[in-house]
Amino acid sequence: MDTIASFFSFITTPVSWVIVQFHSVYGAIFGPDTGWAWGLSIVSLVILIRICLIPLFVKQIKATRAMQTLQPEMKKIQERYKNDKQRQSEEMMKLYKETGTNPLSSCLPILAQSPFFFALYHVLNSIANNDTIGVINESLLQSAQKAHIFGAPLAAKFTDSSSDVMELDASLTTVRIVTAVMIVLMSASQFYTQRQLMTKNVDTTVKTPFMQQQKMLMYIFPVMFAVFGINFPVGVLVYWLTTNVWTMGQQMYVIRNNPTPGSKAQAAYLERLTKHVTDHGKTRGRGERAIVKAIVAKGRDRNEYERKFINGLSKAGLAAQADGNVLKGEGAVATVTEDGTPTTGAAPKRQQPKRQSKSQRQHGPKQAGEPTTSLEKSDEPEDEKPGAAKKTAQKSGSGGSRSKAQSGQRKGGPQRPKSPTKK
């Protein structure tokens with residue numbers, strides 16, 4: 001760990017400078033040698049770093065969504081070239097290039113944060129070894145060594161010996177209890193963060209190997225934090241616990257306000273949005289308009305929750321527009337039926353004409369006073385109905401053609417009158 005931390009020593013000076021600046025502020029409030037002053041300085045360092053990493057976090061969300069969208073295509077490539085790993089890799093890279101997706105983009109916040117993490121570890125390790133580092137001089141070094149968080153020194157570790165802990169003016173039992181509690185909280189926060197991502201913000205309509213990998217990471221990451229955590233100083237545990245809590249809160253905000261399409265979080269969000277829009281008759285904010293605009297643009301490709309949202313607006317006399325707004329009345333357009341067929345929000349459905357019976361088509365439209373239903377029987381005998389003559393002709397044409405030929409009658413058309421016989 002020391003070799004890795006020393007590799008990031010180029011950033012230790014900026015990190016130590018930021019900690020010292022925050023310490024000067026909190027030291028004036030709580031005292032320069034207190035654990036509150038140094039502990040809050042580390043917490044403030046985390047918050048500052050995470051605020052700077054928000055653009056990378058947005059890219060991570062977009063990359064994760066893009067990877068989820070590509071999962072069906074990736075699965076087809078894996079099944080098609082399952083016996084040719086090289087061709088499979090080539091097709092995967094081709095798919096990434098065509099869609100502009102980078103699988104490493106989802107790891108950007110962690111990769112960007114790692115230099116600060118190892119630099120802070122290097123700073124705290126130097127404090128434990130009584131070495132000055134960066135802008136931390138002798139006086140600040142002595143102040144940091146005196147600082148305790150719940151009785152545990154900032155530079156103490158779970159694996160430290162009793163003599164090492166006594167040099168920092170603390171007891172081994174206290175250090176191990178504090179570090180154990182912080183390790184458990186750190187692992188639990190990591191597990192909950194990954195779990196809410198898998199249970200709430202994953203498209204449940206697509207079952208891919210990517211989801212299985214995420215489930216494995218949900219259990220592997222907490223175990224890794226627990227194993228490595230026993231070698232972290234208390235100050236680093238404060239840093240990592242703070243960044244886990246920040247990630248958890250940030251992810252909860254994203255899941256609530258910008259969920260993944262097809263996920264349970266989207267169903268809950270669209271249900272809340274439907275209630276708000278039907279109550280107020282409009283969307284609020286740019287975020288809601290962007291989501292409504294994306295749903296309208298999908299057309300027939302909408303999922304079950306999105307169609308339910310559009311139809312819910314239609315029942316309330318509203319309709320989502322292409323610009324993300326919602327309108328009432330005659331101008332309302334862009335609603336869809338359950339099967340995805342687009343309809344007009346305000347216009348009534350077109351009524352299909354009733355199918356007429358054969359006798360109605362032959363007789364033409366009925367006059368006033370005549371019965372309007374085709375189920376009523378006619379008073380005229382069946383042999384006088386137009387259909388009866390035709391049926392008789394058809395029967396005679398099949399069974400009595402021979403008798404017609406003998407009687408001299410024509411097969412069809414008007415009959416020729418018989419000429420008088422000569423006696």
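Residues numbered from 1 in each chain as written. Predicted model: local features only at pLDDT ≥ 70, side-chain atom pairs only at ≥ 80, totals over all residues. Heavy atoms only, no water.

Observations regarding the overall build of the protein
- Of regular secondary structure, the protein possesses 17 helices and six strands.
- Of all 423 residues assigned to the protein, the portion counted as buried reaches 38%.
- For the protein, long-range pairs separated by at least 24 residues make up 63% of all intrachain contacts whose partners lie at least 6 apart in sequence.
- When the accessible surface of the protein is totalled, it reaches about 26500 Å², and 57% of it is carbon and sulfur. (Helix = DSSP H or I, 4+ residues; strand = E, 2+ residues; numbered from the N terminus. Buried < 20%, exposed > 50% of the residue type's maximum accessible area, 1.4 Å probe, protein only. Contact = heavy atoms within 4.5 Å. Areas by Shrake-Rupley, 256 points an atom, 1.4 Å probe, with all protein chains shown as cover.)

Describing the packing of helix α2 (residues 12–30) against helix α3 (residues 35–52)
- One way to put it is that α2 packs onto α3 with a least axis distance of 8 Å and a crossing angle of 130°. With respect to each other, α2 and α3 are oriented oblique. Remark: the crossing between α2 and α3 carries right-handed chirality. Across the interface between the two elements, V15, V18, I19, F22, H23, Y26, G27 and F30 from α2 touch W36, A37, W38, L40, S41, S44, L45 and L48 from α3.
- Of the residues belonging to the contact of α2 with α3, the class tally is 12 nonpolar, four polar and no charged. (Axes fitted to C-alpha atoms, helices over the stretch in contact; angles between N-to-C directions. Parallel < 35°, antiparallel > 145°, perpendicular 65-115°, else oblique. Left-handed = near helix turned anticlockwise from the far one by under 90°. Nonpolar A, V, L, I, M, F, W, Y, C, P; charged D, E, K, R; others polar.)

Regarding the nonpolar core
- Counting residues in each nonpolar core, the largest one holds 46 residues, and the members touching the most others are I127 and Y239.
- Take this core: its biggest share by element is eight residues, from helix α6 (residues 108–128).
- Discounting residues that sit within four places of it in the chain, I127 has contacts with I136, L141, A144, Q145 and A155.
- Counting 14 residues, the second largest nonpolar core, distinct from the first, contains V292, F309, A320 and V326. (Core = buried A, V, L, I, M, F, W, Y, C linked by side-chain atoms within 4.5 Å.)

Things to note about the packing of helix α9 (residues 172–200) against helix α11 (residues 234–257)
- In contact at an axis separation of 9 Å, α9 and α11 are set at 20° when each is read in the N-to-C sense. Here α9 is positioned roughly parallel relative to α11, judged by the angle of their axes. As for the relative orientation of α9 and α11, their crossing is left-handed in sense. Residue-level contacts link T179, M182, I183, L185, M186, S189, Q190, Y192, T193, Q196, L197 and K200 of α9 to V234, L237, V238, W240, L241, N244, T247, M248, Q251, M252 and I255 of α11.
- When the residues that make up the contact of α9 with α11 are grouped by side-chain class, the tally is 14 nonpolar, eight polar and one charged.

Considering the pattern of salt bridges
- Tallying each qualifying case throughout the model produces four salt bridges.
- Put simply, K275 and D279 hold a salt bridge, and the shortest N to O gap is 3.4 Å. Highlighted residues: K275 and D279, both in helix α12 (residues 264–280), separated by four residues, approximately one helical turn.
- Of the residues examined, K275 reaches a relative accessible area of 55% and is grouped as exposed.
- Here D279 falls in the exposed class, since its relative accessible area comes to 51%.
- Residues E288 and R284 are paired through a salt bridge, measuring 3.0 Å at the closest nitrogen-oxygen approach.
- Given the relative accessible area of 53%, R284 is considered exposed. (Salt bridge = Lys/Arg side-chain N within 4 Å of Asp/Glu carboxyl O.)

Concerning the side chain of T283
- Structurally, T283 can be placed in the loop between α12 and α13 (285–298).
- Its relative accessible area of 8% is what places T283 among the buried residues.
- In this structure, T283 is in contact with V277, E288, R289, V292, G324, N325 and V326, ignoring residues within four places of it in sequence.

Things to note about the confidence of the model for the protein
- Taken over all residues, the pLDDT of the protein has a mean of 76, while the share at 70 or more is 70%.
- Throughout residues 344–349 the model reports pLDDT below 50, and contacts reaching past four residues in sequence, or to other chains, amount to eight contacts. (pLDDT = per-residue confidence, 0-100.)

A few points about a nonpolar patch on the surface
- A cluster of nonpolar residues, M216, I220, V223, M224, V227 and F228, forms a patch on the protein surface that exposes about 540 Å² of accessible area.
- Residue placement: M224 occurs in helix α10 (residues 209–229). (Patch = residues over 30% accessible without salt bridge, like charges linked within 9 Å, V, L, I, M, F, W, Y side chains within 5 Å.)

Concerning the environment of A37
- With respect to the secondary-structure elements, A37 resides in helix α3.
- Look at A37 and you get buried, because its relative accessible area is 0%.
- With 11 residues separating them in the primary sequence, A37 and Y26 have C-alpha atoms 4.8 Å apart.
- Other than its neighbours up to four places away in sequence, A37 contacts H23, Y26, G27, F30, G31 and P32.

Topic: the packing of aromatic side chains
- Inspection of every chain in the model, using the stated rule, returns five aromatic pairs.
- Their ring planes at 25° and their centres at 6.5 Å tell us that F22 and Y26 sit as a pair that is stacked. In this pair, F22 and Y26 both sit in helix α2, four residues apart, roughly one turn of the helix.
- Consider the rings of F191 and Y219, whose centres lie 5.7 Å apart with planes at 50°: the pair is tilted. (Phe/Tyr/Trp six-rings, centres within 6.5 Å; stacked < 30°, edge-to-face > 60°.)

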